[in-house]
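Coordinate analysis (summary)
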Amino acid sequence: MSSTQHTPLPYYEDVSPGSGGLPPRAWSPASDAARLSLTGTWAFRLSPTATAEDDSFARPGHDARGWDEIPVPGHWVLHGHGAPIYTNVRYPFPVDPPRVPTENPTGDHLRVFDLPADWPEGGDAVLRFEGVESCARVWLNGEELGTFKGSRLPHEFAVGAVGELLRRRGNVLAVRVHQWSSGSYLEDQDQWWLPGIFREVVLEHRPEGSLSDFFVHASYDHITGEGTLRIDADPGGRVTVPELGLDLATGESATVAVEPWSAETPRLYEAELTTVGESVGLRVGFRTVAVEDGLLRVNGRRVLFRGVNRHEFHPEYGRALDLATMRRDLVLMKRHNVNAVRTSHYPPHPAFLGLCDELGLWVIDECDLETHGFAGLDWRGNPVDDPRWTPALLDRAARMVERDKNHPSIVMWSLGNECGTGRGLSAMADWVRERDPSRVIHYEGDLSCADTDVYSRMYAPHDEVDRIGQRSEPPWGDPELDRKRRALPFIQCEYAHAMGNGPGGLSEYQRLFEAHERCQGGFVWEWIDHGFARRAPDGRVFYAYGGDFGEELHDGNFVCDGLLFPDRTPSPGLIEYKKVIEPVRIEGDGAAGTVRITNHHDVTDLSHLVFSWTYEAEGEVVGSGELTVPPLAPGESADLKLPAPAATEPGDETGWTIEARLATATAWAEAGHPVAWGQLPAVGRAQRPRALASGGAAARRDGDRIVLGPGVFDAATGALTALGGLAVTGPRLDIWRAPTDNDNGASWQPDERYGLIWRRLGLHRVRHRVDAVEAADGALTVRTRVAPAATDLGLETVYRWTTDGDRLSLSVSVTPRGQWTCPLPRLGLRLGVPAALGDAEWFGGGPGEAYPDTRAASRLGRWALSVDDLQTPYVRPQENGARADVRWVRLTAPDGTGLRVEGAPPFWFTARRWTTEQLDAAEHTPDLVASADTVWVNLDHGQHGIGSQSCGPGVLEPHHLVAGPAAFAFTFARVG
Ligand code: GAL
């Protein structure tokens, strides 16, 4: 310890895990022992330091009338006392382990309770805390029970029988909670610091002869199709599994034919474990996890994780989650083809794991341990390499494993996250392996894999994953360990950083996971944005992030990096992920009328799905029917013939859409829920001329205007001012986009951070110099040079307008000048149209947004959305809302009048009620104020990709928007 003080440290600062508690044990919600929930309203008092108040409040009779009230479970900072703090890696206090600041918000909690009338007379009781951040001291009826640390872990105290410490009426439970403790050094996860009693408090009866612990061992032999069950219990008793006809003693094993458990087939058998004093209902899933031949197998099969990292988060209640929210998370995961969850970075509420068993998810259960803030100190003083902390680490490992060991969904134990390396971690691994050899050990922070059974990485770029897939990754040093590691299966415990718009590059990762059997998938970072719901003065809800609570140190919106928005609406990233990881691949040759269906499930055949086809012309369905697909086994493909297509108009663009849907309802979706789809173009889009032939009408000068067909132009600037009577702010070249979090990248990224480079170059403030406005040969030609100040970079841009009398067409050519060393954000036109044109209908990719490397889920069709609904409300506003491959778009007012734009080639369409500059300046969604006059439309020839550089690799080369010569055209027509 670096401290020089001599008096012993108080309990909240010493390195011990606590005192006075019971050893951890397995826990089941379905015991017949009496149980009293102590959730509800408690009396609450907040003090600024740990010692500001003495402990007299714990004595019965203390007058707490002046206290506030607080809900338990809850975090006091979300109930009007103090404020949350967000830091990613940095400790928000001086690093002087195990000491904490004198300013240590301390919440005293009081609850008076009676036992229910039917509470049994004999037998002990225990008081159980499911989660308290970060350190608690507990008294019952004035008597101290003990102290504990380990926020996301359970802690229990024996309170004896009624008549001893426990009374029938008027029990006084007092809990003092300190925000900061030595435990805080072990809990430096990237999340909000949220003190409080945030999970349930329960009084549980422990009758004579009740279970102090039990361990369900239920394996599956995929060769024989038999499962073997043995339940060890203390004290012993009997186990029955009626469905299997089993009735055996604890400690005895039985082998019978069973259906195995998997994430795809979460088959559970109801069982009962009975001892003299207690009966516990269990749900047993039979499965065997093993690393064999360098692969992670469950029940003999390689599995591919299509995973997410899930923090517990609710936009109002923080980590105090209710059961409905837990279920909602899992239902959303299942509906989006997610099959695995890493409980980053701590054991979740125990009920969540029960739901994983039931609904079917592979789980990496992670210990509540992270010491990342020591990284900035070159890991000096890192608790995981200091033997004085080892008891605390082992205590955490045991509390996780003992509580959660009976869940079939858990296939890996994770020692923690981002702690560097150290002897304490090895001690944890040794203990876990000894206690539960039936699962695999995970820890990402030690690249040597000395203690682990899988090679796990975060944010490894695609090319590195490719090398790892070939088991030819570069050595780390020790040849022995390198050999061992190369023989291990590989996962990305975090990849594809879903911060803001993105992540890009998912499809390319998935192809690698499918190409190399060693690559067993990954877990997107992360499931949900941790933004707290707040109201703007005008009443609009927005989501607050780091810095919004006056924190001295914070990491801004890095806490909003999920596939769900804080209110659990799926973001475009989740829609994309669902498509990329779909367990059925649908490919083929639409022109030849053939389709290839491949089953990418790990376990199930395709008999649970029904397939259908539609045939579309110009995006409209002209034929549809069922498609009979054989019940292919995992890994199998079939080539099928599609029916003869319906006749369509010559020149129509046609294609097939094939869909796979659930044949029957499941626990997580209705029958008909879409699982996978594919589109196969049949007849391609007829070549459109780049522009209308000139000569439909001649350009004529009319005062300071030029008139060309339906178009009116400013004679001095050549800018279009009206089209068929519709006022427009002329389309002109636009290369700026409001940088995304991924454009801006992260400080530690080696790649180029284009968001910053673009701004440094001044791409957000280019000027348009008009060199010539020429009316000749039935065309109006406007020559310009578009460039930012202080550089010789520029884009020579020529606009050539022609008309057929009714419509206007515009060909644009762009020639870069100077040495462009970075890609462009976007390349296209921006135009302003009257605000009344608030409805968009288009033929192109949709319905959601897409960018070059996030376009797998963009589906060709006819779509309609209002301009307001085209927006994606990223918590920190940034570029969003582009639609890909748009052939044409109509923007109309409620009376049906408006504008139609057709592109040659297809283009990216974006429309919003504010400018890109306003979007760029906004920090929260209420900063975006709709213009009363204008809808701003971008018609882009190109967009730069999105990538994942806010914490991962940048945009892959093929998705760069390189500054090069470009030519594109649009035809504009009035509608209505
Ligand atoms: C990882 C870390 C996560 C999160 C992520 C970035 O390094 O394990 O907790 O911080 O980066 O969002």
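In this report, we go over the structure that sits alongside the text. Keep in mind it's a predicted model, so treat the numbers as computed, not measured.

**Let's talk about the sheet that holds strand β9 (residues 135–140)**
Reading across from one edge, β1-β10-β9-β12-β6-β3-β4 is the order of the 7 strands in this open sheet, with antiparallel pairing throughout. Every interior strand has two partners, whereas the edge strands, β1 (18–19) and β4 (68–72), have only one. One ladder, built from 5 bridges, connects strand β3 (residues 40–49) with β4; its direction is antiparallel. Bridge pairing in β4 places Trp42 opposite Ile70.

**Examining the pairing of strand β52 (residues 808–817)**
Summarising burial for β52: 7 of the 10 residues are buried, a large majority. Pairing of strand β51 (residues 794–803) with β52 involves 10 bridges; the strand directions are antiparallel. If you follow Thr797 over to β52, its bridge partner there is Val814. The antiparallel pairing of β51 with β52 creates a hairpin that spans 4 residues between the two strands, and Gly805 there sits at a positive phi of about 105 degrees.

**As for unusual backbone geometry**
Of note, the amide linkage connecting Trp525 to Glu526 takes the cis form, showing an omega dihedral of -5 degrees. As for its placement among the helices and strands, Glu526 is situated in the loop between β33 (519–524) and β34 (532–535). Cis geometry is found at the peptide bond from Gly846 to Pro847, where omega equals -5 degrees. Within the secondary structure, Pro847 sits in the loop between β54 (839–846) and β55 (859–866). Even without a glycine there, the phi angle at Ala496 is positive, about 55 degrees. Along the polypeptide, Ala496 turns up in the loop between β32 (490–495) and α7 (506–515). The residue Glu618 is not glycine, and still its phi comes out positive at about 50 degrees. Residue position: Glu618 is located in the loop between β38 (609–617) and β39 (620–627). Take Glu618: its relative accessible area is 18%, and that puts it in the buried class.

**Brief notes about helix α8 (residues 572–580)**
For α8, the buried fraction is high: 8 of the 9 residues fall into the buried class. Residues of α8 that are buried: Pro572, Gly573, Leu574, Glu576, Tyr577, Lys578, Lys579 and Val580.

**A word on the packing of aromatic side chains**
Evaluated as defined, the whole model comprises 40 aromatic pairs. Centroid distance Phe93 to Tyr185: 5.2 Å. Interplanar angle 80 degrees. Geometry classified as edge-to-face. Of the two residues, Phe93 is situated in the loop between β5 (85–87) and β6 (103–113) and Tyr185 in the loop between β12 (171–178) and β13 (191–193); the sequence distance between them amounts to 92 residues. Per residue, the accessibility class of Phe93 equals that of Tyr185, and both read buried. Arranged with centres 6.1 Å apart and planes meeting at 25 degrees, the rings of Tyr509 and Phe513 form a pair that is stacked. Residue Tyr509 and its partner Phe513 are both found in helix α7; the two are separated by 4 residues, about one turn of the helix. Accessibility expressed as a relative area gives 0% for Phe513, which makes it buried. Three or more aromatic residues link up through ring pairs in this structure, and these residues are Tyr91, Phe93, Trp180, Tyr185, Trp193, Phe374 and Trp389. One cation-aromatic arrangement involves Arg887 over Phe843; the distance from NZ or CZ to the ring centre is 5.6 Å.

**What about the site of the ligand?**
Close contacts around the ligand come from 13 residues, with Asp190, His345, Glu418, Glu494 and His497 the closest. In this structure, Asn417 approaches the ligand through a side-chain N or O atom, which is 2.8 Å from an oxygen atom. In this structure, Asp561 approaches the ligand through a side-chain N or O atom, which is 2.9 Å from an oxygen atom. Starting from 310 Å² of accessible surface for the ligand in isolation, the protein chains cover 96%. Its residues placed into classes, the shell around the ligand shows 5 nonpolar, 4 polar and 4 charged.

**A look at the sheet that holds strand β46 (residues 720–723)**
The antiparallel open sheet is built from 5 strands, whose spatial order is β43-β44-β45-β46-β47. The open sheet terminates on both sides in strands that have one partner only, identified here as β43 (700–702) and β47 (726–727). In the sheet, strand β44 (residues 705–708) pairs with strand β45 (residues 711–714) via 4 bridges, with the strands oriented antiparallel. Paired with Val707 across the strands is Val712, a residue of β45.

**Comments concerning the side chain of Asp734**
Residue placement: Asp734 occurs in strand β48 (residues 729–734). Overall, the relative accessible area of 7% leaves Asp734 in the buried class. From its side chain, Asp734 meets the backbone nitrogen of Trp736 in a polar contact 3.3 Å long. Here the side chain of Asp734 touches Asn938 through a polar contact of 2.9 Å, side chain to side chain. Leaving out residues up to four positions away in the same chain, Asp734 has contacts with Arg826, Leu827, Gly828, Leu829, Arg830 and Asn938.

**Let's talk about the nonpolar core**
A general feature of soluble globular proteins is that nonpolar side chains tend to end up buried together. In this structure, Leu127, Leu166, Leu173, Leu203, Phe305 and Ile597 are the most contacted members of the largest nonpolar core, which totals 169 residues. Leaving out residues up to four positions away in the same chain, Leu166 has contacts with Phe113, Leu115, Trp119, Ala125, Leu140, Asn141, Val159, Gly160, Ala161, Asn171 and Leu203. Membership of the second largest hydrophobic core comes to 57 residues, among which are Leu708, Val766, Val889 and Leu939.

**Some details on the state of the cysteines**
All told, the structure shown has 0 disulfides when counted by the stated rule. Cysteine Cys560 shares no disulfide, and the gap to the nearest cysteine sulfur, in Cys951, comes to 15 Å. A residue is classified by how much of its surface remains accessible, and Cys560, at 3% relative accessible area, is buried.

About the criteria used
Residues numbered from 1 in each chain as written. Predicted model: local features only at pLDDT ≥ 70, side-chain atom pairs only at ≥ 80, totals over all residues. Heavy atoms only, no water. Pairing = 2+ DSSP bridges. Helix = DSSP H or I, 4+ residues; strand = E, 2+ residues; numbered from the N terminus. Buried < 20%, exposed > 50% of the residue type's maximum accessible area, 1.4 Å probe, protein only. Phe/Tyr/Trp six-rings, centres within 6.5 Å; stacked < 30°, edge-to-face > 60°. Lys NZ or Arg CZ within 6 Å of the ring centre and 35° of its normal. Near = heavy atom within 4 Å. Polar contact = N/O pair within 3.5 Å; in protein donor to acceptor, adjacent residues only side chain to side chain. Areas by Shrake-Rupley, 256 points an atom, 1.4 Å probe, with all protein chains shown as cover. Nonpolar A, V, L, I, M, F, W, Y, C, P; charged D, E, K, R; others polar. Contact = heavy atoms within 4.5 Å. Core = buried A, V, L, I, M, F, W, Y, C linked by side-chain atoms within 4.5 Å. Disulfide = S-S within 2.5 Å.

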